[in-house]
Amino acid sequence: MNYHPLLALALMGGLVTWPVASARADTIRLKNGQTVVGKIVRYENRRFIIVYERASPTTQAIIALEDIESVEFDGRPLPPGYSGSAAPPDTSPPAASVPPPRTTVPPSGSSSGPSGPTTPPATRPPATGGSTGSGTGSPVLTRTVQVIARDDWTYAQLDVRRGDRIRISARGSIRLDNRRQSTPAGIAEDDPEKLMPGRPTGALIAVIGDDNDDYIFIGSTREFVAQRSGKLYLGVNEGDLSDNSGSYEAQVEIQRTP
């Protein structure tokens, strides 16, 4: 059986095994609006391991409790160590987010620089996986993001300000169809409909703002300075995403400008 990372967590040893009836399915609803349906087989250190049967071949996913909105068990008792409560509720008002449209040919063809009016920063602090000091007085925001291969865009739950220094690193692999597999660096295969024609197919890409087509190539790792303000989205450089499966795990770090 294959394993793929979900929401940025590594499989750890010593997990408590929870037997599951083969005919039943559990439902995990994530705070980002996505839903995972399968069979929860383990729980430890505030992490679930679920057999994720929507992908082919069948994979397992690891999900952090703090990223979960709710868990529904299909008539079975709770796993050992799990009290039945999800992560503490987010008291911040929800951020309305509409992913940017995917176009087959980017008009600008540039990987950085402003395109259209600058989007002002959100008035609500963005949800982050952590915040540390940079040693210069500038805050550093971090977030681990699961980039679903078949979704047009994944909102990183981070809002970028013009001038911020952004560092993104990614790992994992996805299936582009039943015969091709790709890492965040992408593969050398022609795809006339991908968003960045000059970049590898299946590679990790980004865009800032939902009114922008100035795509940014990320690959396995990239550090750059934001040329505009707006929500940060991550996606896959491919034209047809409908037959994709799996996800990339992206670590995002934003150093705010003073």
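Up top is the structure these notes are about.
About the criteria used
Residues numbered from 1 in each chain as written. Predicted model: local features only at pLDDT ≥ 70, side-chain atom pairs only at ≥ 80, totals over all residues. Heavy atoms only, no water. Buried < 20%, exposed > 50% of the residue type's maximum accessible area, 1.4 Å probe, protein only. Helix = DSSP H or I, 4+ residues; strand = E, 2+ residues; numbered from the N terminus. Pairing = 2+ DSSP bridges. Salt bridge = Lys/Arg side-chain N within 4 Å of Asp/Glu carboxyl O.

Caption draft 1: Expanded view of the pairing of strand β13 (residues 204-208). For β13, a buried count of 5 out of 5 residues is recorded, marking the element as mostly surrounded by other parts of the structure. With 5 bridges connecting them, β13 and strand β16 (residues 230-236) associate as antiparallel partners. Residue pairing for β16: Leu204 is matched across the bridge by Val236. Summarising the sheet, β13 and strand β14 (residues 216-217) pair through 2 bridges and their orientation is antiparallel. When the sheet's bridge partners are listed, Ala206 is paired in β14 with Ile216.

Caption draft 2: Fine view of the environment of Phe217. Within the fold, Phe217 resides in strand β14. Residue classification places Phe217 among the buried residues on the basis of a relative accessible area of 13%. Distance from Phe217 to Leu234, taken between C-alpha atoms, is 9.9 Å for residues 17 residues apart in sequence.

Caption draft 3: A look at the pattern of salt bridges. The final tally for this structure, using the stated rule, is 11 salt bridges. The partner of Glu249 in a salt bridge is Arg171, and the shortest N-O contact between them spans 2.9 Å. Taken together, the residues span a long stretch of sequence, with Glu249 in strand β17 (residues 245-255) and Arg171 in strand β10 (residues 165-171) at a distance of 78 residues. Judged by its relative accessible area of 2%, Glu249 falls in the buried class. Residue Arg171 is classed as partly exposed on the basis of its relative accessible area of 45%. Among the ionic pairs, Arg180 bridges to Glu238, the shortest N-O distance being 3.0 Å. Of this pair, Arg180 sits in the loop between β11 (174-175) and β12 (181-182) while Glu238 sits in the loop between β16 and β17, and the two are 58 residues apart along the sequence. Pair check on accessibility: Arg180 and Glu238 agree, each one buried. What emerges from the salt-bridge pattern is a single network uniting Asp177, Arg179, Arg180, Glu189 and Glu238.

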